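Next come the chains, spelled out residue by residue.
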Amino acid sequence: MVVQAEEGRLITSAARAFRVLVATAVPAERDAVARAFTTHTTADSTAGVSVDVIAAGVGPALAAASTATALTTAALEGAPYTLVVSAGIAGGFQPEAPAGSLVVADEITAADLGAETADGFVPVTDLGFGTVTHRPPESLVRDLTAATGARTGAVLTVSTVTGTAARAAELRARHPRALAEAMEGFGVAEAAASHGVPVLEVRAVSNPVGPRDRAAWRIGDALAALTEGFGKFAPVLESWNPYDDPHDR
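None of the values given here were measured: they were computed from a predicted structure.

## What to know about the side chain of Ser 101
Positionally, Ser 101 belongs in the loop between β5 (83-92) and β6 (102-110). Polar side-chain contacts of Ser 101 include one of 2.6 Å to the backbone oxygen of Pro 98. Aside from chain neighbours lying at most four places away, what touches Ser 101 is Arg 151, Arg 203, Ala 204 and Val 205.

Set out below in structure tokens:
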């Protein structure tokens, strides 16, 4: 497998048309994912999967726009993607997701899309609009978790990163299955859903969710965990049949 740089994206080549788009927020995350397909896999194990890795930008809006652009371009070129993956580092809810651990989302939820009321937060779905959750394919989540040793649970998308213990506790009370929070997953999932393409979210934990203590951040360890985790993806993707695995298209 060969990795190429082209207009801000890293592209791997493969023999057939099982195409995966991985969307990260920033180039450091993009490069960590791309390294997995050159240092952790062999040509035989990746022969049937083509992986494009893009730095889609920070936050749900830009991530959605960049992902939708990539999906539309691929479709117009007659080579649509089979799977979209939102990936990168994240804050982890303690003690379930310590720094350096890998999380595969079985639920991608927008945690702050809604309204504040006198009785507390109300999600936008309770107001009669849209959606707040996307669910990745169950069998793919299960198989990737088994292959990587990742934890499985909800990953929350927020527009403002949590910076206090009170906010962390509030999010856990509303989302007791949450393992991590990041800023792009729901935006990537919305773009994928608009194209009828299944989505995953994979996060490596760099810091606890809560007070911002830079001394506790382990960004290098998280990027290394991201590379290691994606290095085990190819065999699972090779054996996965997207047509046999329902998701919330």
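## Considerations on the pattern of salt bridges
Inspection of every chain in the model, using the stated rule, returns 12 salt bridges. Across the pair Arg 177 and Asp 106 runs a salt bridge whose closest N-O atoms are separated by 2.5 Å. Pair noted here: Arg 177 is in the loop between α4 (165-174) and β11 (178-182) and Asp 106 is in strand β6, with a separation of 71 residues, a long-range link. For Arg 177, a relative accessible area of 42% gives the class partly exposed. Glu 107 is the partner of Arg 135 in a salt bridge, and the nearest nitrogen-oxygen pair spans 3.5 Å.

## Digging into unusual backbone geometry
Negative phi is the rule for most residues except glycine; trans is the rule for most peptide bonds. Cis geometry is adopted by the peptide bond preceding Pro 95, which originates at Gln 94 and carries an omega value of 5 degrees. Take Pro 95: it is sitting in the loop between β5 and β6.

## Some remarks on the pairing of strand β4 (residues 50-55)
Burial analysis of β4 places 5 of its 6 residues in the buried class, which makes it a mostly covered element. Summarising the sheet, strand β3 (residues 19-24) and β4 pair through 6 bridges and their orientation is parallel. Looking across to β4, one finds that Ala 23 is bridged to Ile 54.

## Some points on the layout of surface pockets
If you add up the space inside the largest pocket, you get close to 460 Å³. As for the largest pocket, its lining consists of 24 residues, of which Ile 89, Ala 90, Val 161, Ser 206 and Asn 207 are closest to the centre. Looking at the lining of the largest pocket, the elements that each hand over two or more residues are α1 (27-39), β5, β11, β12 (199-208) and α6 (219-230). It is β12 that contributes the most residues to the lining of the largest pocket, 4 residues altogether. Considering only residue class, the lining of the largest pocket consists of 14 nonpolar, 5 polar and 5 charged.

## Topic: the environment of Val 58
With respect to the helices, strands and loops of the structure, Val 58 is situated in the loop between β4 and α2 (60-76). When the C-alpha positions of Val 58 and Val 26 are compared, they lie 7.0 Å apart, and in sequence the two are 32 residues distant. Those residues in contact with Val 58 that sit more than four places away from it in its chain are Ala 25, Val 26, Met 183 and Glu 184.

## Re the packing of aromatic side chains
Geometry of an aromatic ring pair is reported as the spacing of the ring centres plus the angle between the planes. This structure, assessed with the given rule, holds 3 aromatic pairs. Ring centres of Phe 37 and Phe 230 lie 6.4 Å apart, and the angle between their planes is 65 degrees; on these two criteria the pair is classed as edge-to-face. On the criterion of sequence distance, the pair formed by Phe 37 in helix α1 and Phe 230 in helix α6 is long-range, its members being 193 residues apart. Given the relative accessible area of 3%, Phe 37 is considered buried. Taking 4.4 Å as the distance between ring centres and 25 degrees as the angle between the ring planes, the aromatic pair formed by Phe 230 and Phe 233 counts as stacked. Across this residue pair, the class does not change: Phe 230 and Phe 233 are buried. Every member of this aromatic cluster is reached through a ring pair, and the members are Phe 37, Phe 230 and Phe 233.

Reading guide: rules and limits
- Residues numbered from 1 in each chain as written.
- Predicted model: local features only at pLDDT ≥ 70, side-chain atom pairs only at ≥ 80, totals over all residues.
- Heavy atoms only, no water.
- Helix = DSSP H or I, 4+ residues; strand = E, 2+ residues; numbered from the N terminus.
- Polar contact = N/O pair within 3.5 Å; in protein donor to acceptor, adjacent residues only side chain to side chain.
- Contact = heavy atoms within 4.5 Å.
- Salt bridge = Lys/Arg side-chain N within 4 Å of Asp/Glu carboxyl O.
- Buried < 20%, exposed > 50% of the residue type's maximum accessible area, 1.4 Å probe, protein only.
- Pairing = 2+ DSSP bridges.
- 1 Å grid on protein atoms, 1.4 Å probe; cavity = no way out; pocket = protein on both sides within 12 Å on 5 of 7 lines; lining within 4 Å.
- Points joined across faces, edges and corners; volume = space filled by probe spheres on them.
- Nonpolar A, V, L, I, M, F, W, Y, C, P; charged D, E, K, R; others polar.
- Phe/Tyr/Trp six-rings, centres within 6.5 Å; stacked < 30°, edge-to-face > 60°.

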